[in-house]
Amino acid sequence: MTDHKDHKLRQYEHLISISRDLASTLDLESLLKKIVDVAAELSGSEAASILLYDEANQQLFFQTATNTEKEPKLMGIVVPTDSIAGWVALNRLPVIVADVHQDNRFFNQVEKDLNYPTRSILAIPLIVKEKLIGVLEVLNKKSGTYSSEDEEILMILGAQAAIAIENTRLFQQPDLISELVHEIRTPLTSINTISYLLQQSVMECEERDRLAQIIQAETQRLSRMTTQFLDLSRLESGRTGFNRVRFSLPELLRECAQSVQPEAKKYGIQLTLEFPEITFEIDADRDKIKQVILNLLSNAVKYNRENGRIILHSHYDENWVVISVKDDGMGIPEEEIPRMFRKFFRSGHTEGKKPGTGLGLSICKRIVEGHGGKISVNSCLGEGSTFTVQLPR
């Protein structure tokens with residue numbers, strides 16, 4: 001009995017130390033990794049994972065796990081509301097399932113996709129100020145079965161973890177907001193100046209029409225910027241889940257090519273598709289991957305030269321699918337290449353000449369990395385650029 005009390009006391013002391021560590025971690029990815037590692041350790045489990053709740057879409061999705069090898073395949077998978085984690089989120093109560101295969105709520109897609117046998121689960125809700133943050137799960141008790149004590153210690157950890165996650169998200173917001181405010185000053189200043197000029201009665205009708213067109217263009221730019229900013233904000237704070245499905249990549253590539261073809265044709269740009277005739281499939285969020293490819297193709301048209309060329313290429317092996325968009329347009333100065341995926345960054349030799357928000361590539365990077373992939377660019381000024389996306393097969 002004394003040994004048991006001593007063990008419990010050590011656990012509580014460990015939790016106090018952990019809570020301090022969590023509170024001082026302001027990078028969301030690092031924070032979530034610490035939480036799952038500690039949860040597995042405290043509960044004596046083989047593995048642990050965190051599912052975050054996307055309030056806007058009312059979805060629960062995997063964000064991180066202790067198994068780093070399998071994590072890229074797991075990240076972003078949306079779980080149904082009638083799953084074990086879904087039940088915990090909906091009822092805001094912990095649950096212990098001694099044998100998951102005897103429970104109708106068990107979501108076996110993860111077990112199949114990751115080839116990771118699951119025996120038992122202890123899941124708890126992550127809640128702060130009555131707001132659902134997500135669900136913390138531990139899997140496969142190494143010795144014996146999950147107990148009420150395991151549940152209690154995990155609930156204490158979960159309470160600290162939920163506060164730390166929310167604080168990290170709030171910490172990230174001021175920088176994002178200040179960046180957005182800085183960026184919207186320019187179009188707002190233009191609109192304000194033009195509004196003043198339009199009030200002058202001496203202005204000719206032709207001049208008024210031209211200024212009205214500028215206002216419309218600047219307003220559309222502001223609308224795009226705020227929409228993309230919200231997308232990026234949700235991706236960076238881990239509030240966006242990926243609705244993974246199995247789909248034909250060549251079919252999606254053709255669909256994207258058809259979407260940008262009219263704009264390319266207007267400038268005499270030739271768009272060529274290069275990928276195997278055999279249909280091959282990937283597991284990913286189809287809409288999000290489409291967003292990435294359309295962004296890269298649209299940029300290839302926008303920053304190309306008249307009568308230029310774009311090549312949309314794809315190939316694959318056992319582990320990776322590679323998609324590249326190559327153009328022979330303006331190209332990017334060598335010193336600017338490392339900054340191409342930063343928020344609001346626009347190349348100095350195109351800014352003011354081509355419309356844009358400087359957020360599209362940042363969003364692409366977040367989506368690709370959220371799928372466990374990579375995005376890169378090779379470019380030569382005056383000769384063109386190649387953007388390459390690698391996604392796990």
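In this text, all values refer to a predicted model and were calculated from it rather than measured experimentally. (Residues numbered from 1 in each chain as written. Predicted model: local features only at pLDDT ≥ 70, side-chain atom pairs only at ≥ 80, totals over all residues. Heavy atoms only, no water.)

### Observations regarding the overall build of the protein chain
- Of the regular secondary structure elements, the protein chain holds 10 helices and 13 strands.
- Residues counted as buried form 48% of the 393 residues belonging to the protein chain.
- For the protein chain, restricting intrachain contacts to residue pairs at least 6 apart in sequence, the fraction spanning at least 24 positions comes to 67%.
- Total accessible area computed for the protein chain in this model is approximately 20,500 Å², and 49% of it derives from carbon and sulfur atoms. (Helix = DSSP H or I, 4+ residues; strand = E, 2+ residues; numbered from the N terminus. Buried < 20%, exposed > 50% of the residue type's maximum accessible area, 1.4 Å probe, protein only. Contact = heavy atoms within 4.5 Å. Areas by Shrake-Rupley, 256 points an atom, 1.4 Å probe, with all protein chains shown as cover.)

### A few points about the sheet that holds strand E4 (residues 95–97)
- Pairing is antiparallel across the open sheet formed by six strands, whose spatial order is E3-E2-E1-E6-E5-E4. Only two strands of the sheet have a single neighbouring strand rather than two, namely strand E3 (78–79) and E4.
- Its contacts with the sheet put helix H4 (residues 84–91) on strand E1 (45–54), strand E2 (59–65), E3, E4, strand E5 (121–128) and strand E6 (131–141), and the angle it makes with E6 is roughly 140°. (Pairing = 2+ DSSP bridges. Axes fitted to C-alpha atoms, helices over the stretch in contact; angles between N-to-C directions.)

### What to know about the packing of aromatic side chains
- Taken as a whole and assessed by the stated rule, the structure comprises two aromatic pairs.
- Cation over ring: Arg 105 sits above Trp 87, and NZ or CZ is 5.2 Å from the ring centre. (Phe/Tyr/Trp six-rings, centres within 6.5 Å; stacked < 30°, edge-to-face > 60°. Lys NZ or Arg CZ within 6 Å of the ring centre and 35° of its normal.)

### Examining the nonpolar core
- Formed by 51 residues in total, the largest nonpolar core has its most connected members in Leu 249, Ile 293, Leu 296, Leu 297, Ile 310, Ile 323 and Val 389.
- Each residue touching Leu 249, except ones within four places of it in the same chain, is listed here: Phe 280, Ile 282, Ser 314, Val 321 and Ile 323.
- Listed in part, the 32 residues of the second largest apolar core include Ile 18, Val 78, Ala 162 and Ala 164. (Core = buried A, V, L, I, M, F, W, Y, C linked by side-chain atoms within 4.5 Å.)

### With respect to the sheet that holds strand E8 (residues 270–274)
- Spatially, E8-E10-E11-E13-E12 is the arrangement adopted by the five strands of the open sheet, whose pairing is mixed. Only two strands of the sheet have a single neighbouring strand rather than two, namely E8 and strand E12 (374–380). Between one strand axis and the next, the sheet turns through 10° on average, direction left out of account.
- Where E8 meets strand E10 (residues 309–316), five bridges bridge the pair, whose relative direction is parallel. By the bridge assignment for E10, Leu 271 is matched with Ile 310.

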